[in-house]
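# Geometric and topological summary
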Amino acid sequence: MTDPIADYLTRLRNAIQAKHRVVEIPASNLKRDITKILFDKGYILNYKFVEDGPQGSIMIALKYDPVNKVNAIKKLIRISSPGLRRYTGYKNMPRVLNGLGIAILSTSKGVMTDKEAAVQKIGGEVLCYVY
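What you see is a predicted model; the values in this text were computed from it and never measured. (Residues numbered from 1 in each chain as written. Predicted model: local features only at pLDDT ≥ 70, side-chain atom pairs only at ≥ 80, totals over all residues. Heavy atoms only, no water.)

Domain annotation for the protein reports domain 1 (4–62) and domain 2 (76–130). Once you take the C-alpha centre of each, domain 1 and domain 2 turn out to be 19 Å apart. In this assembly, 12 residues from domain 1 lie in contact with 14 residues from domain 2. By the criterion of area lost to domain 2, the three top residues of domain 1 are L9, I37 and Y43, representing 41% of everything that side buries. Counting across the domain 1 and domain 2 interface gives zero salt bridges. Scanning the region where domain 1 abuts domain 2 turns up one residue pair in polar contact (both at pLDDT 80 or more). Among the elements of the structure, α1 (4–17) and α2 (29–40) are those that each provide at least two residues to the side of domain 1 that touches domain 2. (Domains from an automatic or database assignment. Contact = heavy atoms within 4.5 Å. Buried area = accessible area lost by both parts, 1.4 Å probe. Salt bridge = Lys/Arg side-chain N within 4 Å of Asp/Glu carboxyl O. Polar contact = N/O pair within 3.5 Å; in protein donor to acceptor, adjacent residues only side chain to side chain. Helix = DSSP H or I, 4+ residues; strand = E, 2+ residues; numbered from the N terminus.)

This is the structure we're talking about:
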């Protein structure tokens, strides 16, 4: 697999499209950090790291509105790819949906949202947009 982050986002997208409650994704440290950010920002209901074998997996419970069954995640967009890396400085941080969405960045201080990176005045690679 050449792009594990794109695979992670595609598995989430497919599970949302099929209206699944839980999705299982092969684990890595970067995927764990992205999952923690999605949970902290309220895009997913819960997650659990399952240690089976050398790699392990991540079980993600998706969050749906109880009334009209709409998922909390409207769109997941991969920005930086292995063929074309996208970087940003803290002065020109991307605004996702005019501030309503989040951009997930990989910085020298770890994986964080665009707002956290702007507060700490560090830039990095823009991994994806979530709204």
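Read on for the rest.
To continue, consider α1. Counted at 1.5 Å a residue, the expected span for α1 with its 14 residues is 20 Å, and the 20 Å between its end C-alpha atoms agrees. Buried residues of α1: I5, D7, Y8, L9, L12, A15 and I16, and no others. In this fold, the buried residues of α1 make contact with β1 (22–26), α2, β3 (57–62), β4 (76–78) and β8 (124–130). Backbone geometry just after α1 places K19 at a positive phi near 60°. (Expected span 1.5 Å × (residues − 1). Buried < 20%, exposed > 50% of the residue type's maximum accessible area, 1.4 Å probe, protein only.)

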